[in-house]
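Spelled out, the chains give:
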Amino acid sequence: MENLQNLPIDIQTSKLSDWLVDRRHCNLKWQSAIMAIREKINAAIQDMPENEEIKQLLSGSYIHYFHCLRIVEILRGTEASSKNIFGRYSSQRMKDWQEIVSLYEADNAYLAEVASLLSRNVSYEVPALKKQVAKAQQLQQELSRREVECQSSAADLRERYYAACKQYGITGENVARELQALVKDLPTVLGVVGRDAAKLEEHIELYTAFTNFVCEWSEPVLPMLTFAQKRGNTTFYEWRTGKAPTVVERPVVEEAPPDTVTEETIDWGDLGSGTETQEVNFGITVEDGVDWGISLEPGSEDTGADGINWGDSEAAPFEIEVVDGGTDCPEGVARGEDALTILENPQSRSQFIDELTELETFLTQRLSEMGEEGDVVAMSQFQLASSVIQGQTRDHIQKMLAVVCNLLGRLTSLRMQHLFMIQASPRYVERVSEALRQKLKQADILVLKRATLAENRQEALEEQAKLEPRIDLLAGRTRELQKLIEADISKRYNNRPVNLMGVNV
């Protein structure tokens, strides 16, 4: 018997209610009795004395049987004046709570209720709060990761912006004006290239002699390079006519508007989604003509202050005479494209670059041929060549090739290509400026998105801070309830130890 007395009773918490009903400690229909008791509790708590402990018992917690017992103990002190000589209380408060305790103890309804409450806390309430905390922590980690991504992406966009500006040779404070300022310096840069073209005399002479010897070519070779070598970077008019102009009327370059960015021009996009940064294609294409950006459209009938008054005639026919700029001008006057230098004019510049490339290819091939030692056939072929060809050495050809490559590189660099496009089309400045501004706009969007993510992360952190005390409080009440139930069941089995299994909070 002593061994049986010390044998513990282990009960699974999830099956505690069924265990109590099966052993007839509680009635199967205990829930209907509890509903009547809850109504009496709700009525009784409307009239309670001022007591701090009672306030704590009634604040935000589910009032069960053991709370009612404590309230009765407190009322015995606060309602002591209403006790008569027979030991009964005339206070309605005390009568109401004593009745509630009696209803709880009938058929052990209280034990079934607290068992159900314990199972609900263990199986649902505490796990749900812990799941919310885990979700808040996961959200914080995700938002922190996205914050870092936004910060790094914004820094990368700004770095790419300043790298592109550096590639253009500008600071980026006012892109449009700085680009046009570079175009203003373009004639000076091209003038230096034209003066350096004077060094190509020996190159042209060697190439001419070689073509005459190998191909018996009698026509002039490299005409543009020959012209630039003798006269420098002169006007296209002089190249076309062979005469220097008396008057040069260069095209007027339009000034760019201030490079301003307002709130209305920024597309802030969706701050909650990832942003993709599009690459800008700066491919350079050379067209036959110049797009002056002029379009004739049948427009509105309104005329503003800057409009043109065409008169009262509605259907008056008119003719447009198309004049090829620079050709129908007085003799000696270089106008339009004729006023541009041969390195500014797209047509002559393309020919200049083509001839430089042709010369580069020739020198590269000649250098390769001269590097082949012991080629008896090649040596015999050039025995009858002129002294210009026979007198060349491999080192000298190497130096000549370096001069040509230097000129070609200065004209075909990416920066020069952009400057040529800007000079040919003022609208290209707008496109480049907008493309560069987009990088800064995207960086600003990412900065705002990072701030929003930081706010969301802070909200998640605050939510976690609110949930954790609730979990601790609920876990403490659950463990306390576990001890009360174990003690109550233990009394029914001669104080045998009782263990409620599965209470992991």
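Computed from a predicted model, the values in this text were never measured in an experiment. (Residues numbered from 1 in each chain as written. Predicted model: local features only at pLDDT ≥ 70, side-chain atom pairs only at ≥ 80, totals over all residues. Heavy atoms only, no water.)

## Quick word on the overall build of the protein
A count of helical and extended segments in the protein gives 17 helices and 4 strands. The proportion of buried residues among the 505 residues of the protein is 36%. The contacts in the protein between residues at least 6 apart in sequence include a share of 79% that link residues at least 24 apart. About 31600 Å² of surface is accessible on the protein, with carbon and sulfur atoms providing 50% of the total. (Helix = DSSP H or I, 4+ residues; strand = E, 2+ residues; numbered from the N terminus. Buried < 20%, exposed > 50% of the residue type's maximum accessible area, 1.4 Å probe, protein only. Contact = heavy atoms within 4.5 Å. Areas by Shrake-Rupley, 256 points an atom, 1.4 Å probe, with all protein chains shown as cover.)

## Some remarks on the packing of helix α8 (residues 175-196) against helix α15 (residues 394-412)
Taken N-terminus to C-terminus, the directions of α8 and α15 make an angle of 160°; their axes are 11 Å apart at the nearest point. For the element pair α8 / α15, the angle class is roughly antiparallel. Between α8 and α15 the crossing geometry is left-handed. In contact with Leu190, Val192, Val193 and Asp196 of α8, α15 contributes Leu407, Arg410 and Leu411. (Axes fitted to C-alpha atoms, helices over the stretch in contact; angles between N-to-C directions. Parallel < 35°, antiparallel > 145°, perpendicular 65-115°, else oblique. Left-handed = near helix turned anticlockwise from the far one by under 90°.)

## Some thoughts on the side chain of Gln140
Within the fold, Gln140 resides in helix α7 (residues 109-168). Contact partners of Gln140, with chain neighbours within four places excluded, come to Arg457, Ala460, Leu461 and Gln464.

## Brief notes about the pattern of salt bridges
Taken as a whole and assessed by the stated rule, the structure comprises 17 salt bridges. Between Glu434 and Arg437 there is a salt bridge, with its nearest N and O atoms 3.0 Å apart. Separated by 3 residues within a single helix, Glu434 and Arg437 lie in helix α17 (residues 426-492), roughly one turn from each other. Note on Arg437: relative accessible area 17%, which makes it buried. When salt bridges with common partners are traced through the structure, they connect Glu142, Arg145 and Glu149 into a single cluster. (Salt bridge = Lys/Arg side-chain N within 4 Å of Asp/Glu carboxyl O.)

## With respect to the packing of aromatic side chains
The tally for this structure, following the rule as stated, stands at 9 aromatic pairs. With centroids separated by 6.0 Å and ring planes inclined at 50°, the aromatic side chains of Trp19 and Tyr493 adopt a geometry described as tilted. With Trp19 in helix α2 (residues 16-22) and Tyr493 in the loop between α17 and β4 (498-501), this residue pair connects regions lying 474 residues apart in the sequence. Under the relative-accessibility criterion, Trp19 is labelled buried at 11%. Judged by its relative accessible area of 22%, Tyr493 is partly exposed. (Phe/Tyr/Trp six-rings, centres within 6.5 Å; stacked < 30°, edge-to-face > 60°.)

## Points about helix α3 (residues 30-44)
Taking 1.5 Å of rise per residue, 15 residues should cover 21 Å, and α3 covers 21 Å from first to last C-alpha, within 8% of that figure. Those residues of α3 that fall on the buried side of the exposure criterion are Trp30, Ile34, Ile37, Arg38, Ile41 and Ala44. Projected down its long axis, α3 carries its buried residues within an arc of 120°, all on one side. For α3, exposure combined with an orientation more than 90 degrees from the buried face picks out Ser32, Met35, Glu39 and Ala43. Of the surrounding elements, those touching the buried residues of α3 are α5 (65-78), α6 (92-105) and α7. (Expected span 1.5 Å × (residues − 1). Arc of directions from axis to C-beta.)

## Structural notes on the pairing of β4
Here β4 shows a buried face lined by Val498 and Leu500 and an unburied face lined by Asn499 and Met501. Looking at chain direction, strand β1 (residues 9-12) and β4 are connected through 4 bridges and run parallel. Looking across to β4, one finds that Gln12 is bridged to Met501. (Pairing = 2+ DSSP bridges.)

## So, the environment of Asn51
In this structure, Asn51 sits in the loop between α3 and α4 (52-58). C-alpha of Asn51 to C-alpha of Ile74: the two residues are 23 residues apart in sequence and 8.6 Å apart in space. Setting aside anything within four residues of it in sequence, one finds Asn51 in contact with Ile74 and Thr78.

## Topic: the environment of Val333
Position of Val333 among the secondary structure elements: in strand β3 (residues 333-335). As for Val333 and Tyr237, which are separated by 96 residues in sequence, their C-alpha atoms are 8.5 Å apart. Setting aside chain neighbours within four positions, we find Val333 in contact with Tyr237, Thr246, Val247 and Glu249.

## Details of the packing of α3 against α6
Interhelical geometry of α3 versus α6 gives an angle of 165° and a closest axis separation of 10 Å. If you check the angle between α3 and α6, you find them roughly antiparallel. In this structure, α3 crosses over α6, and the sense of that crossing is left-handed. Residues Ile34, Ile37, Arg38, Lys40, Ile41 and Ala44 of α3 form the contact with α6, whose participating residues are Asp96, Trp97, Glu99, Ile100, Leu103 and Tyr104. Among the residues making up the contact of α3 with α6, the classes are represented as 8 nonpolar, no polar and 4 charged. (Nonpolar A, V, L, I, M, F, W, Y, C, P; charged D, E, K, R; others polar.)

## Concerning α7
For α7, with 60 residues, the first-to-last C-alpha span of 86 Å sits near the 88 Å given by 1.5 Å per residue. Remark: Gly169 follows α7 within two positions and exhibits a positive phi of approximately 85°.

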